[in-house]
Amino acid sequence: MRQQMAALKGQLDKQEIVSDHLIRKIMKMRTKDIKSTKNMCIFAAIIGFIMFPLNSIAHSWSWAFTIATGAMLLFCVIATIYIHRPVEKLNYMTSDLATVARVMAHFKKQYDNWLNYVTPALIIPWLGWACYEFAWKNCPEGLNPLWMTLPIIIGAAIGGAIGYYYHCKAVNAAKDILEQIEEQ
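So, here's what we can say about the structure. (Residues numbered from 1 in each chain as written. Predicted model: local features only at pLDDT ≥ 70, side-chain atom pairs only at ≥ 80, totals over all residues. Heavy atoms only, no water.)

### Re the nonpolar core
The tendency in soluble globular proteins is for nonpolar side chains to be buried as a group.
Reasoning step 1: Counting residues in hydrophobic clusters, the biggest one holds 21 residues, and the most contacted among them are M27, V100, M104 and F107.
Reasoning step 2: Contributions of two or more residues to this core are made by helix 1 (2-57), helix 2 (63-89), helix 3 (97-136) and helix 4 (145-183).
Reasoning step 3: Beyond its immediate stretch of four places on either side in the chain, V100 contacts M27, L90, Y92, S95, I177 and I181.
Reasoning step 4: If you look at the next biggest cluster of nonpolar residues, it comprises nine residues, including W61, F65, M72 and C76. (Core = buried A, V, L, I, M, F, W, Y, C linked by side-chain atoms within 4.5 Å. Buried < 20%, exposed > 50% of the residue type's maximum accessible area, 1.4 Å probe, protein only. Helix = DSSP H or I, 4+ residues; strand = E, 2+ residues; numbered from the N terminus. Contact = heavy atoms within 4.5 Å.)

Here is the structure:
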């Protein structure tokens, strides 16, 4: 009887270790979604750093606007790296689940705060300045400047949709990891 109990206990311990190992592997896979969000942000900033000076050379807008846009992009990239750093430092195979949960909850909160507070504070003034620079300042004679704002607004809507998709992708990955930890 004691041998059977010991064997049963050994099987249960082994099953718990396999379950814990499987959960940690799944968490590591979901972190790839978080990392892809960071990589896309950096990629978009690099494209911006290339395209905006070219538009200034073509006199689409002023150098002041280009420099302000570059500073804004640099701020966003630095903030993204800062927000993602604790997640990247996690070792899912050795860190305890409480630490992983705390880091993921903080990451999710920072991402939501960025979307709700920082994004509008940066985008609304920048978009207004972009419309002024592109449409009103450089509008050909006889053309209504409102028609010139249309490409900017469409581009902002497309860029906003892409950004929101990646935001949701990162936040959902963090939520999934938190849910798996809570199930544990």
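### Regarding helix 3
Reasoning step 1: For helix 3, which comprises 40 residues, the first-to-last C-alpha distance of 55 Å matches the rise-based estimate of 58 Å (1.5 Å per residue) to within 8%.
Reasoning step 2: Largest kink in helix 3: about 40°, centred on T119, with the proline P120 one to four residues after it. (Expected span 1.5 Å × (residues − 1). Bend = angle between axes of the 7 residues up to and from the residue.)

### Thoughts on the packing of aromatic side chains
Reasoning step 1: In this structure the tally under the stated criterion is seven aromatic pairs.
Reasoning step 2: The interplanar angle of 80° and the centroid separation of 5.1 Å between the aromatic rings of Y165 and Y166 together place this pair among those described as edge-to-face.
Reasoning step 3: Through a chain of ring-to-ring contacts, the aromatic side chains of W61, F65, W126, W129 and F134 assemble into a single cluster. (Phe/Tyr/Trp six-rings, centres within 6.5 Å; stacked < 30°, edge-to-face > 60°.)

### Notes on the packing of helix 2 against helix 3
Reasoning step 1: In the contact formed by helix 2 and helix 3, the axes pass within 11 Å of each other and the chain directions differ by 175°. Our classification of the angle between helix 2 and helix 3 gives roughly antiparallel.
Reasoning step 2: Split by residue class, the contact of helix 2 with helix 3 holds 21 nonpolar, three polar and one charged. (Axes fitted to C-alpha atoms, helices over the stretch in contact; angles between N-to-C directions. Parallel < 35°, antiparallel > 145°, perpendicular 65-115°, else oblique. Nonpolar A, V, L, I, M, F, W, Y, C, P; charged D, E, K, R; others polar.)

### Digging into the side chain of T80
Reasoning step 1: Inspection of the secondary structure assignment puts T80 in helix 2.
Reasoning step 2: Residue T80 is classed as buried on the basis of its relative accessible area of 10%.
Reasoning step 3: The residues touching T80, leaving out its near neighbours within four places in the chain, are K38 and C41.

### Re a nonpolar patch on the surface
Reasoning step 1: A contiguous nonpolar patch, built from F43, I46, I47, I50, M51, L54, I57, W63 and I67 and spanning about 910 Å² of accessible area, is present on the exposed surface.
Reasoning step 2: It is helix 1 that contributes the most residues to the nonpolar patch, seven residues altogether.
Reasoning step 3: Take F43: it is sitting in helix 1. (Patch = residues over 30% accessible without salt bridge, like charges linked within 9 Å, V, L, I, M, F, W, Y side chains within 5 Å. Areas by Shrake-Rupley, 256 points an atom, 1.4 Å probe, with all protein chains shown as cover. Salt bridge = Lys/Arg side-chain N within 4 Å of Asp/Glu carboxyl O.)

### Some words on the environment of E88
Reasoning step 1: By the secondary structure assignment, E88 is in helix 2.
Reasoning step 2: Given the relative accessible area of 37%, E88 is considered partly exposed.
Reasoning step 3: Each C-alpha atom of the pair E88 and K35 lies 8.1 Å from the other, and the pair is 53 residues apart in sequence.

### What about the environment of F52?
Reasoning step 1: Within the fold, F52 resides in helix 1.
Reasoning step 2: In sequence terms F52 and T66 are 14 residues apart; their C-alpha atoms lie 5.9 Å from each other.
Reasoning step 3: Those residues in contact with F52 that lie beyond four places of it in its chain are W61, F65, T66, T69 and W126.

### Considering the packing of helix 3 against helix 4
Reasoning step 1: Interhelical geometry of helix 3 versus helix 4 gives an angle of 180° and a closest axis separation of 10 Å. In terms of orientation, helix 3 and helix 4 fall into the roughly antiparallel class.
Reasoning step 2: A class-by-class count of the residues in the contact of helix 3 with helix 4 yields 26 nonpolar, two polar and three charged.

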